[in-house]
Each structure stands twice: as C-alpha cells, then as structure tokens.
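Working through the structure, step by step
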Amino acid sequence: MTCPDVQEWPIAATGYRRSEITAVISPDMGDGAAAWERAKEQVLRWGVKTASGFSVDSPGPVSPGDRVLVTAHFLGFRVLEPVEVVAVVKRPDRVGFAYRTLPGHPVSGEEAFIVHRVGDQVSLTIRSLTGPAPRQPWRLLYPALLVLQKCVRRRYLRALR
C-alpha cells in the first residue's frame, strides 16, 4: 500500500490517513556517496526506528515476511508494536522497506522508510497509512496517537543525518 519501490506514490488505499514527508540527508555538496552508503545500510537495518528512540528485536537486515516486535519508549512507558515487513526495495538509487501493523499495535496501517538519491543529494522519505486499531484501549486513544505520530515523524527525518 505504501509502495516503497515507486517515486510517485499512487493514491489507492481508502479509510486511512495518508502521509508522505521527505528530508534531505546530504545536500549536493560532494559528500553524497558516503551519505548514500551509510543511509542505505541504516535504513535496511531498522536504523530510522532505532535512531528515533525505538528498540527492535531483529538487528539483522529486513526481509519480506519478517515479523518484528518494535518497542516504543515514551515518558517511562513501553508500548509494544508488532509488525510484518511486506516489501523491500534495493536498487542503485532507491533502498527501503514497508511494514504493516499486526494485531496489538496501537494503530492499524502501513509505514515505509525509503532512502533515494539524485546525484550527490540523498533523501529520506517516510510514507504512512494510519487508521484506528480495532481494539481498545488504542482505538479510544487514536486522536492522541495521531498527534504523537507527527512528533515521531520529525524524529524519523532527523534519524539518518
């Protein structure tokens, strides 16, 4: 649904809040090759999540079908977020993956982390489709989780800089 393999994200899924944000990791100043190598390695090993304050029970590279337990740490609380990797892309100019949420996750949907480059400019794009979780208490907390999600996305965009 979040299509990490395409540059232009087609509108297809309904019933979800859609978000796509991009930040430049390395400006076009000659350091793009090193930034690219570092960013593509990090994104395929959950580096965006771990650099943003989450822990992940799978330190290895992502693979389609992987079921992973992500743990959010927030104000002394731990929130478990079970997910499944649904797509991985590895191309010379685009690397990333998407995961979908599993039962028990605070929201329902899919998220993708994509690193891409044009010349020496390397960028990170975050795509997400978010809906309320089917069960309480998360369903009731959905409006607050949307606000928290915006804060987390800002962390994601700084994660690989």
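Fair warning: this is a prediction, and the values are worked out from it, not measured in the lab.

1. Regarding helix α1 (residues 32–43)
A turn of α-helix holds 3.6 residues, and therefore any two residues three or four places apart point the same way. The end-to-end C-alpha separation of α1 is 16 Å, in line with the 16 Å expected for 12 residues at 1.5 Å each. Where α1 is concerned, the buried positions are Gly 32, Ala 35, Trp 36, Ala 39 and Val 43. Seen end-on, α1 carries its buried residues on one side only, within an arc spanning 100°.

2. Thoughts on the environment of Glu 81
For Glu 81, the position within the fold is in strand β4 (residues 77–91). Residues in contact with Glu 81, not counting those within four places in the same chain, are Lys 49, Phe 54, Val 68, Leu 69, Val 70, Ala 72, His 105 and Pro 106.

3. Overview of the pairing of strand β3 (residues 67–74)
Note that strand β2 (residues 54–56) and β3 share three bridges and pair antiparallel. Bridge assignment links Phe 54 to a residue of β3, and that residue is Ala 72. Inspection of the sheet shows β3 paired to β4 by eight bridges, in the antiparallel sense. Counterpart to Arg 67 in the pairing with β4 is Glu 84. Here β3 folds back onto β4, and the loop between the two strands holds two residues, one of which, Leu 75, carries a positive phi near 50°.

Rules of the game
Residues numbered from 1 in each chain as written. Predicted model: local features only at pLDDT ≥ 70, side-chain atom pairs only at ≥ 80, totals over all residues. Heavy atoms only, no water. Helix = DSSP H or I, 4+ residues; strand = E, 2+ residues; numbered from the N terminus. Expected span 1.5 Å × (residues − 1). Buried < 20%, exposed > 50% of the residue type's maximum accessible area, 1.4 Å probe, protein only. Arc of directions from axis to C-beta. Contact = heavy atoms within 4.5 Å. Pairing = 2+ DSSP bridges.

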